[in-house]
Amino acid sequence: MSRLLLPLTIFILFIIEGTVFQIFSGSSHQDTWYFIPYFMLMLVILTGIFRGRSHGLFYGIFFGLLYDIVYGSVLGIYTFGMGLTAYIFSISAAPIKRSLRMLTVVILGAVIALEYYLYGMMSLLGMTGESHGGLFLTRFLPTFIINGIVAALIVSPVRYWFYTVDGRDDGR
Amino acid sequence: MNPFFSNRRLIVLLVCLIFLVGLIGYSLSEQRTLSWPEQFVQDSVGVVQSAFSRPAYWVSNSLDAVGDIRDVYRENQVLKSQLEEHASVLVERNQLEERNAELEEALELESDLSDYTSHQAMVIQRSPDRWNERIGLNVGAQDGITEDMAVVTSAGLVGKIREVSQFTSTVQLLSDQDASNRISARTDGEDTAFGFMEGIDEESGHLRFTKIDMEIEVEEGDIVSTSGLGGIFPSGITIGEIVSVQSDEYGLSQTALVEPSADSHQLDYVTVLDREAPGGEDNSEEEEEEEE
């Protein structure tokens, strides 16, 4: 059961981002500002940090592919982007695992990297023509701030959960 | 700590990169229908999404209902005053409909561009990254949905069906910025102007109504609706109201900005229109829905 719990949680986050989240955030995002949820990515990165890079890479690619098929219009963008982000940010060094602040910074870094990678890909493929200046205040900044807050809130319980399931291995 | 690029993982990453380029090339090809693995994934995920969406709509609608209670008395007064007018309009409408049917019979018209049958559908997902404006419906090929059908709410057109799998389908909203997102439309002014709805204007957020003839005067406040020409859209579905007109970058045609009549940010239940199967039974279905 505990083996299934992690993929199941990531899958539920994947579903919630597209359904429940969209229903309740419905009205607030025309012209003013909106933010993109990256809760699934956060859990994937934390998996990579606490279980090792290959775990992170696997979950990144698998759920990236799912994201591409279900939510995306062009296949491959998320598969590669989430795989790469999970690979780069799965830094399982002891100082990072030990400090909640460092964990939050790493997750936020992953969110920023993926968001800018997606903006680059979408501009390259002609899916968006909006300038960076126009998007920065309406989209990027709210996305980074809110995802940063959520990351800061979840790192502690998620780390606790990984330690209770896998055992503590940060050398303390 | 492992070396950053160990050989095996580097190869996985490179394979992934090649996979990416290949997949992008594959999915950008025009007129592509969904392959069976995609259909399988979309359908299975769609079942879970429906299970999540349904209770979420219930909660969201209950919350709205609590908010509405405050306005009930005032709304009731307004509605009462409209009720009498409504009755007379209804009688008039029935008479006109009868007369229209008689005249059509006399002319032996079988069907025109405004006949359609409809399918009710629930919105089960919306793509969370706002790069593309797409929503998922819980109806698919098994319910008789095919590509390019019109998707409407009671207020007007919201988009067209883009991808169909067996039990779910994906709608491309009017505001999607894809180059293939083009819908034939017309105005209702004195001179009818024909053109295409092509995505949104990024500065103002309004829909763009392009390729209008220079000779025709288009005014602010004109209503834009579907023309029924080209494809399988029925004619006469409201799209929105013109808010400004300008000539295009080369001065060869005009472009108007249109305020959409349907709110595409708060969609829960929508109707998919199918123009292809007019007939006696279908007409009665339509009437039932109108009464609701």
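Residues numbered from 1 in each chain as written. Chains lettered and ligands numbered in written order. Predicted model: local features only at pLDDT ≥ 70, side-chain atom pairs only at ≥ 80, totals over all residues.

### A short note on the overall build of chain A
Here is step 1: When helices and strands are counted, chain A shows eight helices and zero strands.
Here is step 2: For chain A, the sequential pattern of α-helices and β-strands runs α-α-α-α-α-α-α-α.
Here is step 3: Since a compact globule built from 172 residues should have a radius of gyration of about 16 Å, the 16 Å found for chain A is in line with a globular shape.
Here is step 4: Looking at chain A as a whole, 44% of its 172 residues qualify as buried. (Helix = DSSP H or I, 4+ residues; strand = E, 2+ residues; numbered from the N terminus. Rg over C-alpha atoms; globule rule 2.2 N^0.38 Å. Buried ≥ 20, exposed ≤ 12 C-beta atoms within 10 Å, placed from the backbone.)

### A short note on the interface of chain A and chain B
Here is step 1: Opposite the 41 residues of chain A that make contact, chain B presents 42 residues.
Here is step 2: Residue assignment for the side of chain A that touches chain B shows that the elements contributing at least two residues are α1 (2–18), α2 (20–24), α4 (53–70), α5 (77–89) and α7 (100–124) of chain A.
Here is step 3: The dominant element in the side of chain A that touches chain B, judged by the number of residues it contributes, is α4(A), at six residues.
Here is step 4: When grouped by side-chain class, the residues that make up the side of chain A that touches chain B number 23 nonpolar, 14 polar and four charged. (Contact = placed C-beta atoms within 7 Å. Nonpolar A, V, L, I, M, F, W, Y, C, P; charged D, E, K, R; others polar.)

### Some details on α1(A)
An α-helical turn contains 3.6 residues, so a residue and the one three or four places further along point in the same direction.
Here is step 1: Between its terminal C-alpha atoms α1(A) stretches 25 Å, which fits the 24 Å expected from 17 residues at 1.5 Å a residue.
Here is step 2: By the burial criterion, the buried members of α1(A) are A:Ile10, A:Phe14, A:Ile15, A:Glu17 and A:Gly18.
Here is step 3: Residues of α1(A) that are buried make contact with α2, α3 (39–51) and α4 of chain A together with α2 (36–68) and β1 (117–126) of chain B. (Expected span 1.5 Å × (residues − 1).)

### A short note on the sheet that holds strand β10 (residues 238–247) of chain B
All names here are of chain B.
Here is step 1: Strand order around the closed barrel formed by six strands is β6-β7-β8-β11-β10-β9, with antiparallel pairing between neighbours. Across the sheet, the axes of successive neighbouring strands diverge by a mean angle of 45 degrees, strand direction being ignored.
Here is step 2: Where strand β6 (residues 183–187) meets strand β7 (residues 194–200), four bridges bridge the pair, whose relative direction is antiparallel. Across the sheet, residue Arg186 finds its bridge partner in β7, namely Phe194. (Pairing = 2+ DSSP bridges. Axes fitted to C-alpha atoms, helices over the stretch in contact; angles between N-to-C directions.)

### Thoughts on the pairing of strand β4 (residues 156–164) of chain B
Residues and elements named next belong to chain B.
Here is step 1: Within β4, nine of the nine residues are buried, which leaves the element mostly enclosed by the surrounding structure.
Here is step 2: Examined bridge by bridge, strand β3 (residues 150–153) and β4 share four bridges and lie antiparallel to one another. Bridging across to β4, Val152 finds its partner in Leu157.
Here is step 3: Connecting the antiparallel pair β3 and β4 is a turn made up of two residues.
Here is step 4: Relative to strand β5 (residues 169–173), β4 runs antiparallel, the two being bridged by five bridges. Directly across from Ile161, in β5, lies its bridge partner Val171.
Here is step 5: The antiparallel pairing of β4 with β5 creates a hairpin that spans four residues between the two strands.

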